[in-house]
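Structure assessment
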Amino acid sequence: FGIRALLVVTVILSPLPARAQSENDVTGEDLYPPLWDLAPGNLLDFPVKDNKIVVSAWNYQDRLGVYKSLLSASAKYFDAFGPQNSGNILWGLPLQHGWQFRTGRLADPSGVTSCGHENGELLCQSVRSWWSCMNYYLSIIPFLGAVEAGLFGQLPYEIEILPPGEQKDDFCYSVKDCWSRMPKLMDDWKAFFEVNNFFKILSSFKLDDALGLMWKAHTSSIAYALPKFHDSLKYLSDPEANFGEDWANAVDFIAATHFSTDLLTTNDFQAFLPQRMLVEGDVLPSISDFSPGQNKVLVSLRALHKVNKITGGLLLKIWQKAMSTEAGRRIGRELIESLPSS
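What you see is a predicted model; the values in this text were computed from it and never measured. (Residues numbered from 1 in each chain as written. Predicted model: local features only at pLDDT ≥ 70, side-chain atom pairs only at ≥ 80, totals over all residues. Heavy atoms only, no water.)

What follows is about the overall build of the protein. Counting its secondary structure elements, the protein contains 13 helices and three strands. For the protein, with 342 residues in total, the buried portion stands at 54%. Expressed as a percentage of contacts within the protein between residues at least 6 apart in sequence, the contacts between residues at least 24 apart total 72%. Carbon and sulfur atoms make up 55% of the accessible area of the protein, which amounts to about 15,400 Å² in all. (Helix = DSSP H or I, 4+ residues; strand = E, 2+ residues; numbered from the N terminus. Buried < 20%, exposed > 50% of the residue type's maximum accessible area, 1.4 Å probe, protein only. Contact = heavy atoms within 4.5 Å. Areas by Shrake-Rupley, 256 points an atom, 1.4 Å probe, with all protein chains shown as cover.)

Below is the structure:
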């Protein structure tokens, strides 16, 4: 059963062959999240009020600015892994967020407000959006963990995160607040940023170790947020709600391989995600305006989630055990990347 299950998982997770791309081709505008150039470049570019750096977490451009400052502050630790900071493994976070913005997943799905809609407040991120709420725990929490870890050095001001208009108790708004509400989650992100500093000091930076810590924190964020925002799925169509849960489940499998989330790899991986919200009437595997690759990924994620659920999570445990060594993870990544073209 174990070998069979691993083969099933490997086939299911395999994206279609990625487009060929030169390692030095990191200047294309389409590689970066929408409006990347307009986002604040560092923390002191955000507004300062009452001796606090104020971040509007429910504005797409501000949340993008949080990612941009994280990438900038951590660039020196990844300079050996690609030109122009392209090897930085934090790219996966803003690129996912950019995909969510581009495909309308951050807008108010209830239709009650114009938040996030093109004919309304385009840069607004709705607190009713399941994707936006989930992403809070993959943007603001990592950011505050990095602040606490000293990634930005000694800041002249405290950080204040502005709350949403509703569901305020579902989020935290400062380093102190987040530590009091979710210490384990904050500790996981702080550990990632602290150990990166430690590795650099010892001149023994290992990318696999960094990826392991990053994915540990990443999956912790999803595990913490998933039950908290389950009710937000009611605003989505059934196909979109299923896709959201399927994607959250798949992240655990991808994380076990320490899959690289650098600029180019993430872009290749995301090319096969649905480029709009799923609606009632979208039937897999034949959504007419989706590419064969996008249909295949949706079918695969659905099947993976179902099999893992039927086995009570045993499928994930078997996969994680197989990925428990560096050699195993390398094989896992190679299988994911090579099986579709073999």
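Having seen the structure, we can now continue with the description.
This paragraph deals with helix H12 (residues 314–322). Those residues of H12 that fall on the buried side of the exposure criterion are Leu315, Leu316, Ile318 and Trp319. Seen end-on, H12 carries its buried residues on one side only, within an arc spanning 160°. When the buried face of H12 is taken as reference, the exposed residues oriented beyond 90 degrees from it are Lys317 and Lys321. (Arc of directions from axis to C-beta.)

A few words on the sheet that holds strand S1 (residues 48–49). With mixed pairing, the three strands of this open sheet are ordered in space as S1-S2-S3. Two strands in the sheet have a free side with no partner beyond their single neighbour: S1 and strand S3 (158–161). Across four bridges, strand S2 (residues 52–55) lies against S3 in parallel orientation. Looking at the pairing, Ile53 lines up with Ile159 of S3. (Pairing = 2+ DSSP bridges.)

This part takes up unusual backbone geometry. Cis peptide bonds are those with omega within 30 degrees of zero, and the linkage from Leu284 to Pro285 qualifies with 5°. Here Pro285 shows up in the loop between helix H10 (263–270) and helix H11 (292–310). Phi is positive for Gln84, which is not a glycine, with a value near 55°. We classify Gln84 as exposed; its relative accessible area is 52%. Even without being glycine, Gln167 reaches a positive phi, approximately 55°. Its place among the elements puts Gln167 in the loop between S3 and helix H6 (175–181). Since its relative accessible area comes to 26%, Gln167 is described here as partly exposed.

Turning next to the pattern of salt bridges. Enumeration according to the criterion identifies eleven salt bridges in this entry. The salt bridge involving Asp289 is made with Arg276; its shortest N-O contact spans 2.8 Å. In this pair, Asp289 is assigned in the loop between H10 and H11 and Arg276 in the loop between H10 and H11, connecting sequence segments 13 residues apart. Three or more residues joined by partner-sharing salt bridges are found here, namely Lys184, Asp188 and Lys216. (Salt bridge = Lys/Arg side-chain N within 4 Å of Asp/Glu carboxyl O.)

In this section: the nonpolar core. In this structure, Phe143, Phe152 and Ile161 are the most contacted members of the largest nonpolar core, which totals 95 residues. If one sorts the elements of this core by residue count, helix H9 (residues 238–256) sits on top with ten residues. Built from parts of two domains, this core gets at least three residues from each of domain 1 (32–235) and domain 2 (238–341). Here Ile161 is in contact with Val55, Ala57, Tyr136, Ile140, Phe143, Leu144 and Tyr173, once residues within four sequence places are set aside. (Core = buried A, V, L, I, M, F, W, Y, C linked by side-chain atoms within 4.5 Å. Domains from an automatic or database assignment.)

Attention now goes to the state of the cysteines. Scanning the entire structure with this criterion turns up two disulfides. Here Cys115 connects covalently by a disulfide to Cys124, the sulfurs 1.9 Å from one another. Linking Cys115 and Cys124, the disulfide has an S-S dihedral of approximately -90° and is accordingly described as left-handed. You can call Cys115 buried: its relative accessible area is 6%. Across the disulfide, Cys172 is cross-linked to Cys178 (sulfur-sulfur distance 1.9 Å). (Disulfide = S-S within 2.5 Å.)

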